[in-house]
Amino acid sequence: MNKIINAIRTSVLLQTILVWIIVYLIGFLQNLWISVEWAFKVGSLNFTCLLIVYYITYEALIPKLLIKGWKVFYFVFSFIVIALFANVCARFEIYMFENLKIEIDHEFKYVFSVSRYATAFILSYSISNIIFFTRKTTEDAKQKEELLSEKKTLEARVLKSQINSHFIFNALNNIYSMTYFKDQYTSGYVLKMAQMMRYVMEDCETELTPLSKDIEYIGNFIDFQKLRFENDKDITFEYKNEEDVSLLIPPMIFQPLVENCFKHTPLDVDKNSFIHIFMEIKEKHIYFIAENSQPLIKNKSASSRHGIGIENVKRRLELYYENKHTLDISDNEKSFKVELSINL
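Residues numbered from 1 in each chain as written. Predicted model: local features only at pLDDT ≥ 70, side-chain atom pairs only at ≥ 80, totals over all residues. Heavy atoms only, no water.

### Side note on the packing of aromatic side chains
Enumeration according to the criterion identifies 13 aromatic pairs in this entry. Ring geometry for Tyr 54 versus Tyr 55: centroids 4.8 Å apart, planes at 80 degrees, classification edge-to-face. A residue is classified by how much of its surface remains accessible, and Tyr 54, at 8% relative accessible area, is buried. Judged by its relative accessible area of 31%, Tyr 55 falls in the partly exposed class. Above the face of the Tyr 117 ring, Arg 116 is positioned so that its terminal group lies 4.7 Å from the ring centre. One residue, Lys 192, lies across the ring of Tyr 189, its end atom 5.8 Å from the ring centre. (Phe/Tyr/Trp six-rings, centres within 6.5 Å; stacked < 30°, edge-to-face > 60°. Buried < 20%, exposed > 50% of the residue type's maximum accessible area, 1.4 Å probe, protein only. Lys NZ or Arg CZ within 6 Å of the ring centre and 35° of its normal.)

Encoded structure:
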């Protein structure tokens, strides 16, 4: 018995068959007060018509007409199907009354029977619609979740290739120079490089990574950028965290915005140029601001500042934080500023 119950619980087909058996028995018992023959013939016809209305609606009318946008045809054919089978069942019921030689008011009985059967078939029609769209919503949600998961996994793998090869070569050259001149900070920068490579090669494989590791990567990246210059530049990175718990975020979600600052700021030719990066975790929100000075002479169009990097950030924010983030970009003559807020 337990095996049968478990089989029914796990099989949609068995559940469907069981429901239709119950529906047939209800119709059969409802007509049994007249006679067994009546109950069998009328109940069987009513059940068959009920079944046909349900599956015509489920397999044909909804997917072939309603889903494709032919709403007028859908409602017209729905009315025809319900009216047709209600009429068939009502006339057969009157025929059975005549065979049993039961005197009835034919006109009244016909109208009453049509109304009764139409109500039953409308109920079957409505249930068919409810079940179809419930299943469709569930399947669409499941499919969307699978596609989303697949997309996130793919993007996490693609992140490996996003580390700038030019940056790696410069970093290695700087470490080589420090080694050659026996700089006391060489070992520290070797460690920073190892941390960055480990983050890209391992941590970016996961869908989410600790925010602390992302912050560490950004800090190391900025430190290597500072090595390019002999004199100190106005480059700042400030991080505040008022939350006690560690947070998980998509890997390298902020990095393109940081790289964008160094790409477009004339640090080597303009002594007044600057890069200011600020991040704060407060009240379950991440506030990120990246601001840099503009070149003295703009050679590129404003649209170039909104390149692949920022577009990728926008796309990933929509993927992970839909309706839970704001991204504001301010581009004026003196500075370029990106303000990002994420509601966790």
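Back to the write-up after that little detour.
### Topic: the nonpolar core
In this structure, Leu 211, Phe 254 and Phe 288 are the most contacted members of the largest nonpolar core, which totals 47 residues. Elements with a minimum of two residues in this core: helix H6 (165-180), helix H7 (186-201), helix H8 (211-226), helix H9 (255-264), strand S4 (274-282), strand S5 (285-293), helix H10 (308-320) and strand S7 (335-343). When neighbours within four sequence positions are excluded, Phe 254 is seen to be in contact with Leu 211, Asp 214, Ile 218, Ile 249, Met 279, Ile 286, Phe 288, Leu 340 and Ile 342. Among the nonpolar cores identified, the runner-up in size contains 27 residues, and Trp 38, Cys 49, Phe 85 and Ala 90 belong to it. (Core = buried A, V, L, I, M, F, W, Y, C linked by side-chain atoms within 4.5 Å. Helix = DSSP H or I, 4+ residues; strand = E, 2+ residues; numbered from the N terminus. Contact = heavy atoms within 4.5 Å.)

### Quick look at unusual backbone geometry
Backbone geometry follows two general trends: most residues other than glycine have a negative phi, and most peptide bonds adopt the trans configuration. Phi at Met 252 takes a positive value of approximately 55 degrees, unusual for a residue other than glycine. Within the secondary structure layout, Met 252 lies in the loop between strand S3 (248-249) and H9. By relative accessible area, which is 2% here, Met 252 ends up buried. In this model, Lys 284 sits at a positive phi of 60 degrees, which is unusual for a non-glycine residue. Relative to the assigned elements, Lys 284 resides in the loop between S4 and S5. Accessibility expressed as a relative area gives 60% for Lys 284, which makes it exposed.

### Overview of the pattern of salt bridges
Under the defined criterion, the tally for this structure stands at 5 salt bridges. For Glu 238, the salt bridge identified is with Lys 240, shortest N-O distance 3.6 Å. With relative accessibility at 40%, the residue Lys 240 sits in the partly exposed group. Two residues, Glu 311 and Lys 314, come together in a salt bridge whose shortest N-O distance is 3.7 Å. Separated by 3 residues within a single helix, Glu 311 and Lys 314 lie in helix H10, roughly one turn from each other. Residue classification places Glu 311 among the partly exposed positions, given a relative accessible area of 37%. (Salt bridge = Lys/Arg side-chain N within 4 Å of Asp/Glu carboxyl O.)

### Details of the packing of helix H3 (residues 36-66) against helix H4 (residues 71-99)
H4 packs onto H3 with a crossing angle of 175 degrees between their chain directions and a minimal axis gap of 10 Å. Classified by the interaxial angle, the pair formed by H3 and H4 is roughly antiparallel. Here the residues of the contact of H3 with H4 sort into 21 nonpolar, 3 polar and 3 charged. (Axes fitted to C-alpha atoms, helices over the stretch in contact; angles between N-to-C directions. Parallel < 35°, antiparallel > 145°, perpendicular 65-115°, else oblique. Nonpolar A, V, L, I, M, F, W, Y, C, P; charged D, E, K, R; others polar.)

### Describing the pairing of strand S6 (residues 325-331)
Where S6 and S7 come together, 7 bridges link them in antiparallel fashion. Looking across to S7, one finds that Ser 330 is bridged to Lys 337. (Pairing = 2+ DSSP bridges.)

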